[in-house]
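Here is what each chain is made of, one letter per residue.
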Amino acid sequence: QVQLVESGGALVQAGGSLRLSCAASRSIVTIGTMGWYRQAPGKQRELVATCSHDGRTNYADSMKDRFTISSDNGKNTVYLQMNNLRPEDTAVYYCSAIIGTTPWDQYWGQGTQVTVSS
């Protein structure tokens, strides 16, 4: 099991930048996949970016080239650097961890609010 705590959400102007952090309660090198998801009011939760244990990253097309996922294994922390933010990026951003396979378990943080004004 793992506990995840997100931070860094804020109100920003369009075109601005934010860096979100996700602190894990255990070494993230023991976690198969770390990722960021987001959910806007009235919409389904969607993928933002993931980073697998082998270093592979994956991004949603609308966020590729603007968002970057990274990690600091020594601090048990993953980050999401968000640049050139748009109003449509407004959402609650959630950190996620997937541990194990067949079956696997997925864990979620409480989320952090990002609001982008036009």
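Use the structure listed above.
A short tour of the structure in this document, coming up. None of the values given here were measured: they were computed from a predicted structure.

Looking at where Ser52 falls in the secondary structure, it is placed in strand β5 (residues 46-52). Residue Ser52 is classed as buried on the basis of its relative accessible area, which comes to 15%. Those residues in contact with Ser52, other than ones at most four positions away along the chain, are Gly32 and Thr33.

Applying the stated criterion to the full structure yields four salt bridges. The partner of Glu46 in a salt bridge is Arg38, and the shortest N-O contact between them spans 2.8 Å. In this structure Arg38 comes out as buried when scored by relative accessible area, which is 6%. Of the charged contacts, one joins Asp54 and Arg56 as a salt bridge, the two residues approaching to 2.8 Å between their closest N and O atoms. Residue Asp54 is classed as partly exposed on the basis of its relative accessible area of 44%. Several salt bridges share partner residues, and in doing so they unite Arg38, Glu46, Arg66 and Asp89 into one network.

This structure, assessed with the given rule, holds one disulfide. Unpaired in terms of disulfides, Cys51 finds its nearest cysteine sulfur in Cys95, a separation of 11 Å.

Before going further, it helps to spend a moment on the pairing of strand β8 (residues 77-82). Counted residue by residue, β8 has five buried out of six residues, so it is predominantly covered. Taken together, the six bridges between strand β3 (residues 18-24) and β8 define a ladder with antiparallel strand orientation. For Leu20, the partnering residue across the bridge sits in β8 and is Leu80. Sheet topology note: the strand β7 (residues 67-72)/β8 ladder contains six bridges and is antiparallel. Residue pairing across strands places Thr68 opposite Gln81, the latter belonging to β8. Turn length for the β7-β8 hairpin, with the two strands adjacent in sequence and antiparallel, is four residues, and the turn residue Asn76 shows positive phi of about 55°.

The residue Ser117 is located in strand β11 (residues 112-117) in this model. Linking Ser117 and Leu85, residues 32 residues apart in sequence, is a C-alpha distance of 9.2 Å. Not counting residues within four places of it along the chain, the set of residues in contact with Ser117 comprises Leu11, Val12, Gln13, Ala14 and Pro87. Here Gln13 takes part through its side chain, which lies 2.7 Å from a polar atom of the side chain of Ser117.

Pairing is antiparallel across the open sheet formed by four strands, whose spatial order is β1-β3-β8-β7. Of all strands in the sheet, those with a lone pairing partner are β1 (4-7) and β7, marking the two edges. Sheet twist, expressed as the average angle between the axes of neighbouring strands with direction ignored, equals 20°.

A few words now on the environment of Phe67. Mapped onto the elements, Phe67 comes out in strand β7. Phe67 sits 17 residues away from Asn84 along the chain, and the two C-alpha atoms are 8.7 Å apart. Sequence-distant contacts of Phe67, that is, excluding residues within four places in its chain, are made with Arg38, Val48, Tyr59, Leu80, Gln81, Met82, Asn83, Leu85, Asp89 and Tyr93.

Rules and cut-offs
Residues numbered from 1 in each chain as written. Predicted model: local features only at pLDDT ≥ 70, side-chain atom pairs only at ≥ 80, totals over all residues. Heavy atoms only, no water. Helix = DSSP H or I, 4+ residues; strand = E, 2+ residues; numbered from the N terminus. Buried < 20%, exposed > 50% of the residue type's maximum accessible area, 1.4 Å probe, protein only. Contact = heavy atoms within 4.5 Å. Salt bridge = Lys/Arg side-chain N within 4 Å of Asp/Glu carboxyl O. Disulfide = S-S within 2.5 Å. Pairing = 2+ DSSP bridges. Polar contact = N/O pair within 3.5 Å; in protein donor to acceptor, adjacent residues only side chain to side chain. Axes fitted to C-alpha atoms, helices over the stretch in contact; angles between N-to-C directions.

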